[in-house]
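Each chain, written out:
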Amino acid sequence: MNFGFNDDQLALAATVRDVLRTHCPPGSLRSERRPAWEQLAGLGFFGLLLPEAADGLGLALVDVLPALEETGRACLPGPVVETAVVAPYLLADVPKLASGAVCVGVLPPGQAYAADADLADLLIVVRDGGARVIPAGTYGSRPGAAWTRAGRCSR
């Protein structure tokens, strides 16, 4: 049994590494909230796990793991895993997900805050055994809002 990554998987990771080296240098982590997001979107990074019918590449998670590892190596900020990994499994029919034009945040069960909710166009909220999607325009800092732009659940 071979547990190594194949040449295609490693080539994808190398491409992502090169993009991040150029567009997400350490200095940009202090000044930008989503450095290299557009460049990764141009590669099709956010559609790697989406089915072809949703404008994705239909790859398996194992095919994408080395590329995801590179985003961690570069400390790429923003809801990368939520948008590139979680959303394809829960929201494959959302238009523009593959293009990276839609940014997704996730609030897991038992958590009071959603990381990077201020950057998200959609929040996936997992509560009571189910998940629901909340568009960005329906949460805010107004009194009585279920979600604040900081991602805090008030209900």
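Notes on the structure in this doc start here.

Parameters and conventions
- Residues numbered from 1 in each chain as written.
- Predicted model: local features only at pLDDT ≥ 70, side-chain atom pairs only at ≥ 80, totals over all residues.
- Heavy atoms only, no water.
- Helix = DSSP H or I, 4+ residues; strand = E, 2+ residues; numbered from the N terminus.
- Contact = heavy atoms within 4.5 Å.
- Areas by Shrake-Rupley, 256 points an atom, 1.4 Å probe, with all protein chains shown as cover.
- Phe/Tyr/Trp six-rings, centres within 6.5 Å; stacked < 30°, edge-to-face > 60°.
- Lys NZ or Arg CZ within 6 Å of the ring centre and 35° of its normal.
- Pairing = 2+ DSSP bridges.
- Axes fitted to C-alpha atoms, helices over the stretch in contact; angles between N-to-C directions.

1. Focus: the overall build of the chain
Argument step 1. Secondary structure assignment for the chain yields 5 helices and 3 strands.
Argument step 2. Reading the secondary structure of the chain in the N-to-C direction produces α-α-α-α-α-β-β-β.
Argument step 3. Counting only contacts in the chain whose residues sit at least 6 apart along the sequence, the fraction spanning at least 24 positions is 47%.
Argument step 4. For the chain, the computed accessible surface area is about 8,500 Å², with 55% contributed by carbon and sulfur atoms.

2. A word on the packing of aromatic side chains
Argument step 1. Under the definition given, this model contains 2 aromatic pairs.
Argument step 2. A centroid spacing of 5.3 Å and a plane angle of 90 degrees characterise the contact between F45 and F46, whose relative ring orientation is edge-to-face.
Argument step 3. Here a set of aromatic residues connected by ring pairs shows up, and it is made of W37, F45 and F46.
Argument step 4. We note R34 situated over the ring of W37; from NZ or CZ to the ring centre the distance is 4.7 Å.

3. Some points on the sheet that holds strand 3 (residues 130-135)
Argument step 1. Strand order across the open sheet formed by 3 strands is 1-2-3, with mixed pairing between neighbours. Of all strands in the sheet, those bounded by a partner on one side alone are strand 1 (104-107) and strand 3. Each neighbouring strand pair of the sheet contributes to a mean axis angle of 20 degrees, computed without reference to strand direction.
Argument step 2. Here strand 1 pairs with strand 2 (residues 122-127) via 4 bridges, running parallel.

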